[in-house]
Amino acid sequence: QVQLVESGGDLVQPGGSLRLSCSASGFTFSRSAMSWYRQAPGKERELVASIGNTGSITKLVDSVKGRFTISRDNAKTMVYLQMNVLNPEDTAMYYCNVYLRVGPGVNYDYWGQGTQVTVSS
């Protein structure tokens, strides 16, 4: 079965950095685009970053451009989110996501359990 396991969340001071990791299994990782989402208390879940299956194409939400980088290691079936110059607005639960075809014309979003990032002095 599909499993996504996030790690790396922590309490960090404003201006600090964190690297989130997502270990993926149960599907053909090297053929799948991957994404990171986040959800802050009282807010909707939002897409933060996506990366194509080869890693050559990445997309970031405007609010994190220049600060966050998404990358992947297909040999290790891992996807990463390097977060620099963190600010309190980045505080949220961060989720790893993959959107897979599960049948003819049927697709499904898979999620990890999330890892908490708190930016506070």
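So, a few notes on the structure that sits alongside this text. Not measured: the values here are computed from a predicted model.

1. Considering the state of the cysteines
Scanning the model with the defined rule gives 1 disulfide in all. The disulfide that involves Cys 22 links it to Cys 96, with 2.1 Å between the sulfurs. Taking the torsion about the sulfur-sulfur bond, which here is approximately -85 degrees, the covalent link between Cys 22 and Cys 96 counts as left-handed. Here Cys 22, found in strand 3 (residues 18-25), pairs with Cys 96, found in strand 9 (residues 92-103); they are 74 residues apart in sequence, far enough to count as distant. Taken as a pair, Cys 22 and Cys 96 share a single burial class, namely buried.

2. Observations regarding the sheet that holds strand 7 (residues 68-73)
In space, the 4 strands of this open sheet follow the order 1-3-8-7, with antiparallel pairing throughout. Pairing within the sheet leaves two strands with one partner each, and these edge strands are strand 1 (3-7) and strand 7. Shown here is a sheet whose adjacent strand axes are inclined to one another by a mean of 15 degrees, direction ignored. Pairing geometry for strand 1 and strand 3, over 5 bridges, is antiparallel. Counted as the bridge partner of Glu 6 is Cys 22 from strand 3.

3. A few points about the nonpolar core
Soluble globular proteins tend to pack their nonpolar side chains together in the buried interior. By size, the foremost hydrophobic cluster in this structure holds 28 residues, and its most contacted members are Met 34, Trp 36, Val 79, Leu 81, Met 83 and Tyr 94. Looking at this core, the elements that each hand over two or more residues are strand 3, strand 4 (34-39), strand 5 (46-51), strand 7, strand 8 (78-83), strand 9 and strand 11 (115-119). The element best represented in this core is strand 9, accounting for 5 residues.

4. Section: the layout of surface pockets
The rolling of a water-molecule-sized probe over the atoms marks out the regions of remaining empty space. By volume, the largest pocket amounts to about 160 Å³. Along its surface, the largest pocket is lined by Arg 38, Gln 39, Ala 40, Lys 43, Glu 44, Glu 46, Pro 88, Glu 89, Asp 90, Thr 91 and Ala 92. When its residues are assigned to classes, the lining of the largest pocket shows 3 nonpolar, 2 polar and 6 charged.

5. As for the pattern of salt bridges
One pass over the full model with this rule turns up 4 salt bridges. A salt bridge links Asp 90 to Arg 38; the shortest N-O distance between them is 3.0 Å. In this pair, Asp 90 sits in the loop between strand 8 and strand 9 while Arg 38 sits in strand 4, placing the two residues 52 residues apart along the sequence. In this structure, Asp 90 and Arg 38 share a single accessibility class: buried. Here Arg 67 makes a salt bridge to Asp 90, at a shortest N to O gap of 2.7 Å. Here the residue Arg 67 occupies a position in the loop between strand 6 (58-60) and strand 7, and Asp 90 occupies one in the loop between strand 8 and strand 9, the gap between them amounting to 23 residues. On the basis of relative accessible area, Asp 90 is assigned to the buried category, the value being 1%.

The rules behind these values
- Counting starts from 1 at the beginning of each chain's written sequence and moves along it residue by residue.
- In view of the model being predicted, local features appear only for residues whose pLDDT reaches at least 70, and side-chain atom pairs are presented and counted only at 80 or more, with totals across whole chains, interfaces and linings using the full set of residues.
- Note: side-chain values were computed over all heavy atoms of the structure, leaving out hydrogens and water.
- What counts as a disulfide here is a pair of cysteine sulfur atoms lying within 2.5 Å.
- Helix and strand definitions follow DSSP, with helices as H or I runs of at least four residues and strands as E runs of at least two, each counted in order from the N terminus.
- For each residue, the accessible area found with a 1.4 Å probe, counting protein chains only, is set against the maximum for its type, and the residue is called buried under 20%, exposed over 50%, and partly exposed in between.
- Only strands that DSSP links by at least two bridges are regarded as paired with each other.
- Only the stretch in contact is used when a helix axis is fitted, and all axes are lines through C-alpha atoms; the angle between N-to-C directions ranges over 0 to 180 degrees.
- Residues grouped as a nonpolar core are buried Ala, Val, Leu, Ile, Met, Phe, Trp, Tyr and Cys residues, joined through side-chain atoms within 4.5 Å.
- The definitions used throughout rest on a 1 Å grid laid over the protein atoms alone, on which a cavity is an enclosed set of points accommodating a 1.4 Å probe that cannot get out and a pocket is an open set flanked by protein within 12 Å on both sides along at least five of seven lines; lining residues are those having an atom within 4 Å of a point.
- Grid points are joined across faces, edges and corners, and a volume is the space filled by probe spheres set on the points.
- We call Asp, Glu, Lys and Arg charged. Ala, Val, Leu, Ile, Met, Phe, Trp, Tyr, Cys and Pro are nonpolar, and the rest, Gly among them, are polar.
- Definition used for salt bridges: Asp or Glu carboxyl oxygen within 4 Å of a side-chain nitrogen of Lys or Arg.

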